Amino acid sequence: MGKQGESNEVIIILRPDVDPSGPEIKQVLRQAEQYPGVEARVHEVRGETRSLVEVYLIGRTAGVPREVFEEMPGVERVVRVSQKYRIIGRHEGQVEAVGFTYNGVRFDQEASHVFAGLCAVDTKEHVEKMMRACQRAGLVTTRMGAYKPRTSPYDFQGLGKECLPYVFELAGKYGIRVIAMEITHEDHIDEIRSALRDAGNPTGVMLQIGTRNAQNFELLKVVGQQREFPVLYKRGMGITLEESLNACEYVASEGNRNIVFCLRGVKIHLGDPHRNLVDFAHVPVLKRLTRMPVCIDPSHSVGRRDRAPDGILDIFHVTAQGLIAGANMVLVDFHPAPEKALCDGPQALLLEELGTFLEDAAIVRQAYERRKALALAQAGK
Ligand code: PEP
Ligand code: MN
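Residues numbered from 1 in each chain as written. Chains lettered and ligands numbered in written order. Predicted model: local features only at pLDDT ≥ 70, side-chain atom pairs only at ≥ 80, totals over all residues. Heavy atoms only, no water.

### Here's the deal with the nonpolar core
The following threshold applies: Take the buried residues of types Ala, Val, Leu, Ile, Met, Phe, Trp, Tyr and Cys, join any two whose side-chain atoms come within 4.5 Å, and each joined set is a nonpolar core. Remark: exposure states derive from per-residue accessible area (1.4 Å probe, protein chains only) relative to the maximum for the residue type, with buried under 20%, exposed over 50%, and partly exposed in between. What makes two residues a contact is simply this: any of their non-hydrogen atoms within 4.5 Å.
Counting residues in each nonpolar core, the largest one holds 99 residues, and the members touching the most others are F107, M131, M144, V167, F168, M181 and I192. Setting aside its immediate chain neighbours within four residues, I192 contacts Y147, L164, F168, M181, I183, V205, L207 and F229. Within the second largest apolar cluster, 17 residues are counted, among which are I12, L14, I25 and V75.

So this is what it looks like as structure tokens:
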């Protein structure tokens, strides 16, 4: 990993047709070895239509001449970066947002997915009702909390690994391809991996890092060291966006770049009566600053089922605010019987509301596409 405080790293972007184990890369790495205190790391970035290979030069790069690399065969561009979050960063548009595909589902800055599901798994029956509703609505993505980081030790802590066998089996039965599931300890990754294997890998899991662990650097490093599962990183509720981005970089710097960044509101009483102050104005900011797809969580932002005089729930309103700004993923709590929910019942939407929720989201997404076309026309593209 790069040493703290040293900026001005160099990214060498190879041409898309370059073989990751071919002679061009070897030549770049040999050249990099000429500079003392400089370490080279090769990263492969898989895009939808093409793959990119990038070589990161980290360490004492101040004296490394850009031109030497620029003239090498196979090199497309050489970029000098100064932001601390050098792998997830866009560096003033110098690098593209490439995204990733996981279990057949595409995640990038153009994508649009709704992960509707249970905040916390409580019974098998509720999981089945939820997943059946997702399948009927045409969703292949859901959320299921097994490990819950609760504010009070006396509150329901989640069913943990005991619920995983039926959660995964039912996901397979109802065609769910990706489940967002929070983990709070590195052991949970092994528990998820082995439960998936025992169930015959019927589905996929996106490991969620909750806001309470946004700066749990050891956990971030561990999820970064594995490449099997993508990561849904939720911004810290009481730190700046910049601090959250630096924390998120821990995941990428350990090797896993399949990360979605999630906005979920920030903790401040100025957000009252909502549970948090909704921060979805940061959707375009994140797309500009980073290469990551952006998720919004309207449930944990708003925290209640209040309805505006226009008949629309606040949760629907803020979802629209995130989607009109180009959010790529919505993480949203539903429950078949919210009054029986063991966690966050007051913010759960009803299964009967799922169809309307998705229709409303589609209206807003279309409006966003039209806004984007308008901006492109204005720019003469
Ligand atoms: C959750 O998504 O279940 C959750 C606990 O959210 P957050 O970490 O944003 O509070
Ligand atoms: Mn919750």
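### Quick word on the site of ligand 1
Our working rule: We call a residue near a given molecule or strand whenever any one of its heavy atoms falls within 4 Å of it. Whenever a nitrogen or oxygen atom comes within 3.5 Å of another N or O atom, the pair is scored as a polar contact, on the condition that within protein one atom can donate a hydrogen and the other can accept it, and that pairs from neighbouring residues in sequence are kept only if both atoms are in side chains. Only the protein chains shown count as cover for residues, with accessible areas throughout obtained via the Shrake-Rupley method and a probe of 1.4 Å.
If you check the shell around ligand 1, you find C119, R143, K148, E182, Q208, G210, T211, R212, K234, R264, D297 and H300 and nothing else. Between an oxygen atom of ligand 1 and a side-chain N or O atom of R143, the distance comes to 2.7 Å. Within the side chain of K234, an N or O atom sits 2.7 Å from an oxygen atom of ligand 1. Here ligand 1 has 290 Å² of accessible area as a free molecule, and 97% of this is covered by the chains.

### Let's talk about the environment of E125
Filter applied, for reference: Strands are runs of DSSP state E lasting at least two residues, helices are runs of H or I lasting at least four, and both sets are numbered from the N terminus onward.
Of note, E125 is situated in helix α3 (residues 124-136). In this structure, the C-alpha to C-alpha distance between E125 and P202, residues 77 residues apart in sequence, is 19 Å.

### Focus: the pattern of salt bridges
What counts, and what does not: The working definition used for a salt bridge is a side-chain nitrogen of Lys or Arg within 4 Å of a carboxyl oxygen of Asp or Glu.
Applying the stated criterion to the full structure yields 24 salt bridges. Between R257 and E54 there is a salt bridge, with the nearest N and O atoms lying 3.6 Å from each other. Separated by 203 residues along the polypeptide, R257 in the loop between α7 (241-253) and β12 (259-263) and E54 in strand β3 (residues 51-59) bring together distant segments of the chain. Both residues of the pair, R257 and E54, belong to the buried class. In this structure, the salt-bridge partner of R66 is E70, at a minimum N-O distance of 3.4 Å.

### Structural notes on the packing of helix α6 (residues 217-225) against α7
Put simply, the rule reads: Only the stretch in contact is used when a helix axis is fitted, and all axes are lines through C-alpha atoms; the angle between N-to-C directions ranges over 0 to 180 degrees. Gly is placed with the polar residues, together with every amino acid not listed as nonpolar (Ala, Val, Leu, Ile, Met, Phe, Trp, Tyr, Cys and Pro) or charged (Asp, Glu, Lys and Arg).
Packing of α6 against α7 brings their axes to within 6 Å, and their N-to-C directions diverge by 35°. Counted together, F217, L220, K221, V223 and G224 of α6 and A247, Y250 and V251 of α7 form the full contact between these two elements. Split into classes, the residues belonging to the contact of α6 with α7 amount to six nonpolar, one polar and one charged.

### Some thoughts on the pairing of strand β7 (residues 113-117)
Note the following rule: Strands qualify as paired when DSSP identifies two bridges or more between them.
Judged by how many residues are buried, β7 sits mostly within the fold: five of five residues are covered. Here β7 shows two buried faces, one formed by H113, F115 and G117 and the other by V114 and A116. With five bridges connecting them, β7 and strand β14 (residues 329-335) associate as parallel partners. The residue of β14 that forms the bridge with V114 is V330.

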